Amino acid sequence: MPRKDPKPLDRAPLAYENGAFLNSPEGRIMRILAEYSEPLARFRRERIRDTVVFFGSARFRALDEASQELELLENTGSVAPAPLEEQPARKPDIEQGTASELSRRRAHAAVEMAQYYEDARRLAFMLTEWSRTLKSRRHRFVVTSGGGPGIMEAANRGAYEAGGKSIGLNIRLPFEQTPNPYITPSLNFEFHYFFMRKYWFAYLAKALVVFPGGFGTLDELFEALTLSQTHKLAKKMTIVLYGKSYWDQVFNLDTLVDKGAISPRDVELFEFANTPDEAFTLLRDGLTRNHLTPEAGHAETEDDAAFSPEIAKTRS
């Protein structure tokens, strides 16, 4: 029996429009390239030359400097609060003796952590205000964060209040989360791959400010210190650790020096600051000394390359 004529076929989707392929294991390389090329295009369009990155805890939601209250979140970047038994104790609970030891300790820490939020906000404001006075056709030393709550929100908020742009490099996580509202909308990014997000943190940054935080903050800090220690980047990066008392309790670098694990000069890769004014002075002086002064004799050109982000070169 003769076969029936087949029905006309619809056009096949173009490979780059084929969602099933792009989201498959075979499409992974395309997704990785997209997380390089799409941010690069946006940074170029927005004329972002370089950044100053703020790291710090995303587990707390500081309300404002008036209330000095703090709410712990369920996980890093989550919008859901942590269980009640993990929250800082409220004053009535402490007075009535119903607060647990953990909640009492966290109540004492709450004021400190809320102050770090306000300090990050103030520092980002000062840095943005200063950077806006610099003569350049591109935006210099743009405040950048991981896009979430806590210190990240404080940094974006300070830049917003100073009238400048700020960048949020968010990461898609298994639980619900949203970018903070102070990020410049055109510079609001969301990544699937942690390593591509890390790339954009490190390769545009001329300075880092590391506020108290947890695993994620430590991860970013030690990666930056390793890049600086090994001279992998052909640029000088100013690294400021904010809140010396916190960091002195978290790690003891003198032990690493005493055991020979790091060189004594490696502890000079960063500096401590305890106030926004101290941190701003360190950042301004480092950025001026390492970047603005050497650039003074090299005027920007009008060609297209002049408006590309200044991605750090690696040493060969």
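Residues numbered from 1 in each chain as written. Predicted model: local features only at pLDDT ≥ 70, side-chain atom pairs only at ≥ 80, totals over all residues. Heavy atoms only, no water.

Peer 1: How should the packing of aromatic side chains be read in this particular structure?
Peer 2: The geometry of an aromatic ring pair comes down to the distance between the two centres and the angle between the two planes. Evaluation of the coordinates by the stated rule reveals 19 aromatic pairs. Geometrically, the ring pair formed by Y116 and Y242 is edge-to-face, given 6.2 Å between the ring centres and 85 degrees between the ring planes. Taken together, the residues span a long stretch of sequence, with Y116 in helix 4 (residues 101-131) and Y242 in strand 8 (residues 238-242) at a distance of 126 residues. For the pair Y116 and Y242, one class covers both residues: buried. Judged by centre distance (5.7 Å) and plane angle (35 degrees), the rings of W247 and F251 are tilted. The residues W247 and F251 share a single accessibility class, namely buried. These aromatic residues form a ring-pair network of at least three members: Y36, F43, F189, F191, Y199, W200 and Y203. If you follow R42 out to its NZ or CZ, it ends over the ring of F189, 4.0 Å from the centre. When the ring centre of F272 is taken as origin, the NZ or CZ atom of K244, which lies over that ring, is 5.2 Å away. (Phe/Tyr/Trp six-rings, centres within 6.5 Å; stacked < 30°, edge-to-face > 60°. Helix = DSSP H or I, 4+ residues; strand = E, 2+ residues; numbered from the N terminus. Buried < 20%, exposed > 50% of the residue type's maximum accessible area, 1.4 Å probe, protein only. Lys NZ or Arg CZ within 6 Å of the ring centre and 35° of its normal.)

Peer 1: Honestly, the side chain of N180 in this entry has me stumped. Any pointers?
Peer 2: One can find N180 in the loop between strand 5 (166-171) and strand 6 (188-191). Of the polar contacts made by the side chain of N180, one reaches the backbone oxygen of G148; its length is 2.9 Å. Polar contacts involving the side chain of N180 include one to the main-chain amide nitrogen of Y182, which spans 3.0 Å. For N180, the contacting residues outside a window of four places in its chain are S145, G147, G148, M152, E153 and N156. (Polar contact = N/O pair within 3.5 Å; in protein donor to acceptor, adjacent residues only side chain to side chain. Contact = heavy atoms within 4.5 Å.)

Peer 1: Looking at this structure, how should I read the packing of helix 2 (residues 28-45) against helix 6 (residues 194-204)?
Peer 2: For any two helices packed against each other, the geometry comes down to the angle between their axes and how far apart the axes lie. Their axes nearest at 10 Å, the elements helix 2 and helix 6 cross at an angle of 35 degrees. Viewed along their axes, helix 2 and helix 6 form a crossing whose handedness is right-handed. The segment helix 2 lies against helix 6, with I32, E35, Y36, P39, L40 and F43 engaging F195, M196, Y199, W200 and L204. Looking at the contact of helix 2 with helix 6 residue by residue, the class counts come to ten nonpolar, no polar and one charged. (Axes fitted to C-alpha atoms, helices over the stretch in contact; angles between N-to-C directions. Left-handed = near helix turned anticlockwise from the far one by under 90°. Nonpolar A, V, L, I, M, F, W, Y, C, P; charged D, E, K, R; others polar.)

Peer 1: It is not clear to me how the nonpolar core should be interpreted in this structure. Could you clarify?
Peer 2: Most often, soluble globular proteins have nonpolar side chains that are buried together. Ranked by internal contacts, the top residues of the largest apolar core, which has 35 residues, are F43, I167, L169, L208, L221 and I239. Looking at this core, the elements with two or more residues in it are helix 2, strand 1 (51-55), strand 5, strand 6, helix 6, strand 7 (205-210), helix 7 (215-229) and strand 8. Ranked by residue count, the leading element in this core is helix 6, at seven residues. In this structure, L208 is in contact with V53, F55, A224, M237, T238, I239, V240 and L283, ignoring residues within four places of it in sequence. Counting 29 residues, the second-largest nonpolar core is a separate cluster that includes F54, M126, A159 and V240. (Core = buried A, V, L, I, M, F, W, Y, C linked by side-chain atoms within 4.5 Å.)

Peer 1: It is not clear to me how the layout of surface pockets should be interpreted in this structure. Could you clarify?
Peer 2: Rolling a probe over the atoms, with the probe sized like a water molecule, indicates the empty space that remains. Estimated volume of the second largest pocket: approximately 580 Å³. Forming the walls of the second largest pocket are 21 residues, and the residues nearest its centre are S228, K236, M237, E268 and L269. At the level of elements, helix 7, strand 8 and helix 10 (276-295) are the ones that each hand at least two residues to the lining of the second largest pocket. No other element matches the three residues that helix 7 contributes to the lining of the second largest pocket. Partitioning the lining of the second largest pocket into residue classes produces seven nonpolar, five polar and nine charged. (1 Å grid on protein atoms, 1.4 Å probe; cavity = no way out; pocket = protein on both sides within 12 Å on 5 of 7 lines; lining within 4 Å. Points joined across faces, edges and corners; volume = space filled by probe spheres on them.)

Peer 1: Looking at this structure, I do not really get helix 6. What am I missing?
Peer 2: Residues lying three or four places apart along an α-helix face the same way, a consequence of the helix completing one turn every 3.6 residues. Counting buried positions along helix 6 gives nine out of eleven residues, so the element sits mostly inside the fold. Of the residues making up helix 6, those classed as buried are M196, R197, K198, Y199, W200, F201, A202, Y203 and L204.

Peer 1: It is not clear to me how the pairing of strand 1 should be interpreted in this structure. Could you clarify?
Peer 2: Remark: a regular strand shows side chains that alternate across the two faces of the sheet. For strand 1, a buried count of five out of five residues is recorded, marking the element as mostly surrounded by other parts of the structure. Every second residue of strand 1 is oriented toward a common face, with T51, V53 and F55 on one face and V52 and F54 on the other, all of them buried. Pairing geometry for strand 1 and strand 4 (residues 142-145), over three bridges, is parallel. Counterpart to V52 in the pairing with strand 4 is V143. By the bridge criterion, five bridges tie strand 1 to strand 7 in an arrangement that is parallel. If you follow V52 over to strand 7, its bridge partner there is A207. (Pairing = 2+ DSSP bridges.)

Read these as geometric descriptors, not functional statements.
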